[in-house]
Structure formats: structure tokens, C-alpha cells
Amino acid sequence: MKKIKILLIAMLAVGIGTATANDIEYKEDKGAKWVTTQIYEMLADEDIPDQIRGAKAKIKIAVADDGKYRLLSVESNNHFLKEFLKEGIDFESLEPGNKNVVYVIPIEIAQ
């Protein structure tokens, strides 16, 4: 009977630890997902030129000391897509994020 109680307590401790670990991980991911969602919605309102259809890019952004996002880099083989992203994203209208994180956002334009 004593072994069963010890086993039950151990299972309970592991269960609580697992639930807590998953909750913390979810909160960290929520910031990146929220920023990505805002950018996707912003770009969805734009007219998509034919020169960038099917192109892919990866942008890196971070929050500066003044609390606004700054574009760090745009990686793409398509020059038109780079310009479209630089002009199409209004970083001042994005809600603030974590200052200690560099957000890497993959973007693919549908054909």
C-alpha cells in the first residue's frame, strides 16, 4: 500500500510539472504568432503584383528602444518582393512585442 501511495504522488508531481512546462511554452509562442498574424493581415490588404507571385521571403524584425518594430533584413531572391515587403508593412501600426526577441517570419506569396 505504501508503494502505491509513493507511485501516486510521483505521478501527480510529474503531471503538474508537465502541465506547467506546456503553459510556459505556449505563452512564449503567442508573441511570435501574434506578430506574424498582424503582418499577414496587413499584406492581405495589398494588391499583389504578378512579379512576386510564387516568391518566398524571410523577414527579420525586432523591437527598438522606442518600442516600435524595425526591419532588420529581408532575404529573398526576388527584388520585387523585397520592395513590396519594405513598402507594404507599416511597422508603426504593429502592437508592441518583446524587446529581447528577433522575430523571423517566413512569407510565401500564392500564385
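If you're wondering where the values come from, they're calculated on a predicted model, not measured in any experiment.

Some words on the nonpolar core
Logical step 1: Core analysis: the largest hydrophobic core is formed by 22 residues, its most contacted members being Ile-39, Ile-59, Ile-61 and Leu-85.
Logical step 2: Apart from the residues lying within four places of it in its own chain, the contact partners of Leu-85 are Leu-43, Ala-57, Ile-59, Val-74 and Ile-107.

A short note on the environment of Leu-81
Logical step 1: With respect to the helices and strands, the residue Leu-81 is situated in helix H2 (residues 79–88).
Logical step 2: A C-alpha to C-alpha distance of 7.6 Å links Leu-81 and Ala-57, two positions 24 residues apart in sequence.
Logical step 3: If near-sequence neighbours (up to four positions away) are discounted, Leu-81 is found in contact with Ile-52, Ala-55, Lys-56, Ala-57, Ser-76 and Ile-109.

As for the pairing of strand E3 (residues 102–108)
Logical step 1: Here E3 shows one buried face, formed by Tyr-103, Ile-105 and Ile-107, and one open face, formed by Val-102, Val-104, Pro-106 and Glu-108.
Logical step 2: The sheet contact formed by strand E1 (residues 56–63) and E3 spans seven bridges and is antiparallel. Looking at the pairing, Ile-59 lines up with Ile-105 of E3.

Let's talk about the pairing of strand E2 (residues 69–75)
Logical step 1: Two strands pair when backbone bridges link them, and E1 and E2 are joined in this way by six bridges, in the antiparallel orientation. Bridged to Lys-58 within E2 is Glu-75.
Logical step 2: Turn length for the E1-E2 hairpin, with the two strands adjacent in sequence and antiparallel, is five residues, and the turn residue Gly-67 shows positive phi of about 90°.

Considering the sheet that holds E2
Logical step 1: The sheet built from three strands is open, its strands ordered E2-E1-E3 with antiparallel pairing. Each end of this open sheet is capped by a strand with a single partner; those strands are E2 and E3. The sheet shows a mean angle of 25° between the axes of neighbouring strands, direction not considered.

Here we look at the packing of aromatic side chains
Logical step 1: Considering all chains together, one arrives at one aromatic pair under this definition.
Logical step 2: Between Tyr-69 and Tyr-103, the aromatic rings sit 6.2 Å apart at their centres with planes inclined by 55°, giving tilted as the arrangement. Remark: Tyr-103 occurs in strand E3 and Tyr-69 occurs in strand E2; sequence separation between them is 34 residues.
Logical step 3: Among the residues examined, Tyr-69 registers a relative accessible area of 1% and is labelled buried.
Logical step 4: Residue Tyr-103 is classed as buried on the basis of its relative accessible area, which comes to 6%.

What to know about a nonpolar patch on the surface
Logical step 1: A contiguous nonpolar patch, built from Leu-72, Val-102 and Val-104 and spanning about 260 Å² of accessible area, is present on the exposed surface.
Logical step 2: Inspection of the secondary structure assignment puts Val-102 in strand E3.
Logical step 3: In this structure Val-102 comes out as partly exposed when scored by relative accessible area, which is 47%.

About the criteria used
Residues numbered from 1 in each chain as written. Predicted model: local features only at pLDDT ≥ 70, side-chain atom pairs only at ≥ 80, totals over all residues. Heavy atoms only, no water. Core = buried A, V, L, I, M, F, W, Y, C linked by side-chain atoms within 4.5 Å. Buried < 20%, exposed > 50% of the residue type's maximum accessible area, 1.4 Å probe, protein only. Contact = heavy atoms within 4.5 Å. Helix = DSSP H or I, 4+ residues; strand = E, 2+ residues; numbered from the N terminus. Pairing = 2+ DSSP bridges. Axes fitted to C-alpha atoms, helices over the stretch in contact; angles between N-to-C directions. Phe/Tyr/Trp six-rings, centres within 6.5 Å; stacked < 30°, edge-to-face > 60°. Patch = residues over 30% accessible without salt bridge, like charges linked within 9 Å, V, L, I, M, F, W, Y side chains within 5 Å. Areas by Shrake-Rupley, 256 points an atom, 1.4 Å probe, with all protein chains shown as cover. Salt bridge = Lys/Arg side-chain N within 4 Å of Asp/Glu carboxyl O.

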